[in-house]
Amino acid sequence: YAWDANEEYLFKAMVAFAMRRYSSKSTTQISNVLLCNVTDRVSFWFVVTDSSKNVTTVPGSVVEAAIRMNRNRINSAFLLSDKTLQFLKITSTLSPPVEPSTPVWLIVFGVVLCLIVAGIVFLIVSGIQKHKKKNKESTERENLEEKVEVTVTLENGLPCEVLDLKAGHINGVFAADDERFTSL
Amino acid sequence: LSAAPETPKEDGRPKWDNKFQYILSCIGFAVGLGNVWRFPYLCQIHGGGAFLIPYFIALVFEGIPLLHLELALGQCLRKGSIGAWNTISPYLGGVGVGSWVVSILVSLYYNTVLTWVMWYFINSFQEPLPWSVCPLNENRTGFDKECYESTAVNYFWYRKTLNITPDIAESGTLQWWLILCLATCWAIVYLCTIRGIETTGKAIYVTAIFPYLVLTIFLIQGLTLPGATDGLVYLFTPNLNTLKNPRVWLDAATQIFFSLSLAFGGLIAFSSYNPQKNDCEKDAVTVATVNSMTSLYASIPVFSVLGFKATTAYWDCLDRNIISVINEFDLPEKSIMRQNYTSWISFLNSSHPEKIAGLKLKSCDLQEFLDQSVSGTGLAFIVFTQAIILMPGSQAWAILFFIMLFSLGLSSMFGNIEGVFTPLLELQIVSKSTPKELLSGIICLISFLIALCFTLRSGSYWIDIFDRYAGSVPLLVIAFFEVIGVVYVYKIKRFSKDVKWMTGRKLNLYWQITWRFISPLLLLIVFMAFITLQMLKPPSYAAWNPKYEGFPMKEEKVYPPWVQAICVLLAALPCVCVPLVALFHLIKQKRRSKDTSLVSPEVFSCQGTNS
């Protein structure tokens, strides 16, 4: 909307309203609010006079306090915000950011931790079960394999491992490559 | 001769499910946080596209040969780092012990960095993001002073996350929220490494591939942001003059070396689970190439986002100036826009110079904003988080970004933990019946307890110390001894035969030359240059001190003597293992017999280690 004389009238009315609410006196009139130095950028100075005290101006601190108290009403009258309607020397009281009762991060953390602990417990338990099964199986197999193991690895009365370690020559004809053996 | 009922190499050693798992684990270990937050920074400060030249040269002459050496070594000897070096020569066992110590030290502090990532991740689920707004001060008339003077992201990082002290000597208390996150991170590491490569092999499918997905998403998003092209042009414009500065070459060499995670013992551990007849030469080239390509690929979205951030900051600067000019001259709104700002300013300067001077307008220069380069944690937790706030749908981007960082770091942690775990399993300090789950649990628990000191208020200063001293110089020393050990102690002829047996091809001239001469020489030069540069300036750190006059700039402080002693200890401890173990063996050998040959008898070779 464009700034014209009607808007100025509304502004004077809002300031008068703020003064009335703040000091609880019903004596401030719209004519008590004076605007001066109005520029194109829509910035101006204003003073509030006190008609009961013979044309003196109300102290600035009182006006500031009154406006601060009613800031949101003034803003909404003009459909503006603290950023777009600026009163020099009146800093706005900022509203704190919304803080939920339990911090959100604790909830997320709890979810993550539960998942991980569940995974660890699952893996440990499955490991223990596998271990028990393997133990049972190996004791059964050991009895069968004992006899077979003794004969397999002897060559000319010497175990194969000893043959490998001694500084003997490997006969290329017989034990050439591993490819001769079928790979599993 | 009776045919063996099983394959000759059946020794109960765990193995990879398939080759892809192994390659993916190596790639995951090599590709880490440094690819995202160190390489783009180096590219930017060292002349953009021109940096790729020393980087590529370092890759070819230092990175790939050393990588091939480690992979071949582990695959041939089928043991972790300590066992492998003990097998090559008991005098060189110290090299393995050194890598083992470095792996421990690095695991400790690396997981704390992941703790910070996790903290940011779980805080990304809020609306608005907690690092986008400053908290209010007591009478709610303005913002908290520390936050107001720096920025909201800085405040969230230094105060809400780290709660940092102004000096490293003031330790402060343990921060409970960081302890919770640290416990979670170590629990995740335990979950993934609980049975060694059986479990990491499954986890790596997710942690190694997911970052590439997210990088692609960020790439697409980043390129659509305004100002992205400025950032990319700035990054890749080659400035060949920088190549005259030896610092650039040093940085390229160190970046390649640390980026490939060499000398940790983790790569030796990974390849020791391979079947012996595996083409390690091709693997090495693949892993190194993928690592470098990833660095390049990651720098594109990083720099699009940084360009976007610089452009937004530039626009904000312009807007602030425009508001003050309009206020001062009472001009109507929208009379000065960003496009005609400069013409207006020159016009007003000619007509009312004293008013313009009185306004004290900040000069807004896009180049200056682009020049503000950061690397490391500053890039991720300050610069990038600030850019994320500006994007639409910031929660989703934040969540994606931090999950990506977490997976990048986690896959590197797997390699570190394997480097600690595998040698312990082989040292046989625990009996065969103790389950692996217990051993990995003990390792994770002890590491968690020690890493609690990083959750003190001064923890981030200590992490910088560990990063600078434990994770840099010892690796160079160990890698140097690795190459010398294999080439001159084990003798390269034997090693060539082993590699030929494993890959089926003769070692070509490139490997011979690089292994014999170029790589050790390069390592020596890099080591000397590194040490010299460190010695030149007294070890100092940048402290965050709200009471400093130059705040929000950081205060430069010198380390107190006791901290300097710890730095030296950290750097020296792994290196000193090498001569100590050699000395220990020399004494043992002198006492036992007169035979002081360096290497075990002639018959030993790769093919013979069937047990």
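Chain B appears in an unreviewed UniProt entry as Transporter from Tachuris rubrigastra. Chain B has a UniProt comment under Subcellular location (unreviewed entry) that states "Membrane". Check the Sequence similarities (unreviewed entry) section of the UniProt entry for chain B; it says "Belongs to the sodium:neurotransmitter symporter (SNF) (TC 2.A.22) family."

Labelled according to an unreviewed UniProt entry, chain A appears under the name TMM27 protein, originating from Tachuris rubrigastra. Among the UniProt annotations of chain A, the heading Subcellular location (unreviewed entry) holds the following wording: "Cell membrane".

Its identity as a non-glycine residue notwithstanding, L79 of chain A has a phi of 55 degrees, on the positive side. Inspection of the secondary structure puts L79 of chain A in the loop between α3 (71–77) and α4 (104–152). Classification of L79 of chain A by relative accessible area gives exposed; the value is 71%. Backbone geometry places A263 of chain B, a non-glycine residue, at a positive phi of 70 degrees. Inspection of the secondary structure assignment puts A263 of chain B in the loop between α12 (246–259) and α13 (266–272). The class of A263 of chain B is buried, set by a relative accessible area of 0%.

Residues and elements named next belong to chain B. Along strand β1 (residues 540–543), the buried face is formed by Y541 and A543; none of S540 and A542, which line the opposite face, is buried. With four bridges connecting them, β1 and strand β2 (residues 555–558) associate as antiparallel partners. Directly across from A543, in β2, lies its bridge partner E555.

With that settled, the discussion passes to a nonpolar patch on the surface. Residue and element names in this part refer to chain B. Side chains of I53, I57, F61, L240 and W249 sit close together on the surface and give an oily, nonpolar patch of about 440 Å² of accessible area. Within the element layout of this structure, F61 appears in helix α4 (residues 52–77). Owing to a relative accessible area of 33%, F61 belongs among the partly exposed residues under this scheme.

Tallied over the entire structure, the rule returns two disulfides over all chains. Residue C192 of chain B stays outside any disulfide, its sulfur separated by 9.9 Å from that of C444 of chain B, the closest cysteine.

Thresholds applied
Residues numbered from 1 in each chain as written. Chains lettered and ligands numbered in written order. Predicted model: local features only at pLDDT ≥ 70, side-chain atom pairs only at ≥ 80, totals over all residues. Heavy atoms only, no water. UniProt positions renumbered as here; feature names shortened; annotations may be inferred. Helix = DSSP H or I, 4+ residues; strand = E, 2+ residues; numbered from the N terminus. Buried < 20%, exposed > 50% of the residue type's maximum accessible area, 1.4 Å probe, protein only. Pairing = 2+ DSSP bridges. Patch = residues over 30% accessible without salt bridge, like charges linked within 9 Å, V, L, I, M, F, W, Y side chains within 5 Å. Areas by Shrake-Rupley, 256 points an atom, 1.4 Å probe, with all protein chains shown as cover. Salt bridge = Lys/Arg side-chain N within 4 Å of Asp/Glu carboxyl O. Disulfide = S-S within 2.5 Å.

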